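Fold and geometry: a report
Here's the letter readout for the chains.
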Amino acid sequence: MRSSKTIHVISAHAEGEVGDVIVGGVAPPPGETVWAQRNFIAQDQTLRNFVLNEPRGGVFRHVNLLVPPKHPEADAAWIIMEPEDTPPMSGSNSICVSTVLLDGGIIPMQEPETNMVLEAPGGLVRVRAECSNSKARRIFVQNLPSFADELSVPLEVPGLGTITVDTAYGGDSFVMVDAKALGFEIAEHEARDIAGLGVKITNAANEQLGFSHPENPEWDHISFCAFCGPLTATEKGLTGKSAVAIQPGKVDRSPTGTAVSARMALMIAKGLMTTGQTFEATSIIGSSFTGRIVDVAQVGGRAAIIPEISGRGWITGIHQHMLDPDDPWPGGYRLSDTWGV
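All of these numbers come straight from a predicted model, not from anything done at the bench.

To continue, consider the overall build of the chain. Along its length, the chain carries six helices and 20 strands. For 341 residues, the compact-globule estimate of 2.2 N^0.38 gives 20 Å, and the C-alpha radius of gyration of the chain, at 19 Å, lies within 12% of that figure. Principal axes of the C-alpha set define a box for the chain whose edges measure 55 × 45 × 35 Å. In the chain, the proportion of contacts linking residues at least 24 apart, taken out of those at least 6 apart, comes to 64%. Entry remark: accessible area of the chain is about 13900 Å², with carbon and sulfur atoms responsible for 50%. For the chain, the distance from the average site of its 25 positive side-chain charges to the average site of its 39 negative ones is 4 Å.

Set out below in structure tokens:
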């Protein structure tokens, strides 16, 4: 076999959402910070296209690039590549990366608990992993500060009319809608409709509402639409279903860690949660993340929370992605039957 490049990948998923991890074959991108390296990856597109486009990738796939950390406290750093974005942070991908680092032997595992500091493009996240029998069983991630943005504002959606939405940031930016009010139970058979409508709502929210992170003005758009199911009280806090529509048109198989963080920020802003309480989020396939409000904070003068999210990750395989020098599609391809473009 001949190849002009060979990229080494450990594949994984977190509660159903794919988050492959590049562990070799790619030199660290230029940049003095992980955010600057993220900018290079996003603008250059070469690596994104190679691993996300068909025939090696697909709309269902996220891929993470391990890079040497820039911050002196960090044990490892990574850049997240999603189908349309290269975001500041991702909950499911942080769980996949943590699982690969520990189960893959890249960072030594300590039982019964391993503590790590990871550097995402958006900042440091602190990880606690429950470990036994050489397996990281559950990953706890102290996420970036999260905050509510706009509460209960009208949004005009083509073909739907005017709906009431919230916007928030949980390591990524969301428009959040009431799933029941839109007729959704958040069941598997609704996935196509949720994905399609979610993209329409996200696009409308970017046009009419917009978003700008107060401390990182380069993050200036809404990435996702979160469909939020009814809440039920528990002994420790609240529980509820959720489904996140990801551009260009798919539903997150996991409950989406950044959405859990953003939703908790909204709930504390509305007086529905308090520090120390938990939120159990269930995904469209029945998997779950647990969120907990660890502390309160400030982001650019705004009230914010420090959220912790937890879930499980599993390694699914080891791959070597290659490029035959004669391959007529070195950057791959996208078709509208799945990519919606």
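So much for the structure itself; the text now carries on.
On to the pairing of strand 12 (residues 173–178). With respect to burial, strand 12 is a largely interior element, five of its six residues being buried. Where strand 11 (residues 161–169) lies against strand 12, four bridges are found, and the strand directions are antiparallel. Each bridged residue has a counterpart across the sheet, and for Asp 166 the counterpart in strand 12 is Met 176. Turn length for the strand 11-strand 12 hairpin, with the two strands adjacent in sequence and antiparallel, is three residues, and the turn residue Gly 171 shows positive phi of about 100 degrees. Bridge analysis of strand 12 against strand 13 (residues 224–228) gives five bridges, and the strand direction is parallel. Among the inter-strand pairings, Asp 178 is bridged to a residue of strand 13, identified as Cys 228.

Within the largest apolar cluster, 69 residues are counted, with the highest numbers of intra-cluster contacts made by Trp 78, Leu 118, Ile 201 and Phe 227. Residue contacts for Ile 201: discarding those within four places in its chain leaves Leu 155, Val 157, Ile 163, Val 175, Val 177, Leu 182, Cys 225 and Phe 227. In this structure, Ile 7, Val 34, Phe 50 and Leu 65 belong to the second largest nonpolar core, which totals 16 residues.

Checked against the element boundaries, Gln 37 lands in helix 1 (residues 34–44). Here Gln 37 is in contact with Pro 28, Pro 29, Pro 30, Gly 31, Val 67, Lys 70 and Ile 79, once residues within four sequence places are set aside.

The next thing to look at is the pattern of salt bridges. Within this structure, the stated rule accounts for 14 salt bridges. A salt bridge links Asp 20 to Arg 61; its shortest N-O distance comes to 2.4 Å. Highlighted residues: Asp 20 in strand 3 (residues 20–24) and Arg 61 in the loop between helix 2 (46–52) and strand 4 (63–67), separated in sequence by 41 residues. The class for Asp 20 is buried, based on a relative accessible area of 2%. When its relative accessible area of 14% is taken as the criterion, Arg 61 is described as buried. With its nearest N and O atoms 2.8 Å apart, the salt bridge here joins Asp 103 to Lys 135. Of the two residues, Asp 103 sits in helix 3 (residues 91–103) while Lys 135 sits in strand 8 (residues 135–142), which places them 32 residues apart along the sequence. Asp 103 gets classed as partly exposed once you look at its relative accessible area, which sits at 24%. When salt bridges with common partners are traced through the structure, they connect Glu 113, Arg 128, Arg 292 and Glu 308 into a single cluster.

The next subject is the pairing of strand 5 (residues 76–81). With six of six residues buried, strand 5 lies mostly within the body of the structure. Of the two faces of strand 5, the one holding Ala 76, Trp 78 and Ile 80 and the one holding Ala 77, Ile 79 and Met 81 are both buried throughout. Across five bridges, strand 4 lies against strand 5 in antiparallel orientation. Paired with Leu 65 across the bridge in strand 5 is Ile 79. The sheet contact formed by strand 5 and strand 6 (residues 113–120) spans two bridges and is parallel. Bridge pairing in strand 6 places Ala 76 opposite Leu 118.

This brings us to the packing of aromatic side chains. One pass over the full model with this rule turns up seven aromatic pairs. Where Phe 184 meets Phe 227, the ring centres are 5.5 Å apart and the plane angle is 85 degrees; that geometry is what we call edge-to-face. In this pair, Phe 184 is assigned in the loop between strand 12 and helix 4 (191–208) and Phe 227 in strand 13, connecting sequence segments 43 residues apart. Residue class for Phe 227 comes out buried when judged on its relative accessible area of 0%.

Looking at the secondary structure, you find Ala 179 in the loop between strand 12 and helix 4. Ala 179 sits in the buried class, given a relative accessible area of 0%. In sequence terms Ala 179 and Lys 241 are 62 residues apart; their C-alpha atoms lie 9.2 Å from each other. With sequence-adjacent residues up to four places away left out, Ala 179 is seen in contact with Phe 184, Ile 186, Phe 227, Cys 228 and Gly 229.

Reading the values: the criteria
- Residues numbered from 1 in each chain as written.
- Predicted model: local features only at pLDDT ≥ 70, side-chain atom pairs only at ≥ 80, totals over all residues.
- Heavy atoms only, no water.
- Helix = DSSP H or I, 4+ residues; strand = E, 2+ residues; numbered from the N terminus.
- Rg over C-alpha atoms; globule rule 2.2 N^0.38 Å.
- Contact = heavy atoms within 4.5 Å.
- Areas by Shrake-Rupley, 256 points an atom, 1.4 Å probe, with all protein chains shown as cover.
- Lys, Arg positive; Asp, Glu negative; His and termini not counted.
- Charge placed at Lys NZ, Arg CZ, Asp CG, Glu CD.
- Buried < 20%, exposed > 50% of the residue type's maximum accessible area, 1.4 Å probe, protein only.
- Pairing = 2+ DSSP bridges.
- Core = buried A, V, L, I, M, F, W, Y, C linked by side-chain atoms within 4.5 Å.
- Salt bridge = Lys/Arg side-chain N within 4 Å of Asp/Glu carboxyl O.
- Phe/Tyr/Trp six-rings, centres within 6.5 Å; stacked < 30°, edge-to-face > 60°.

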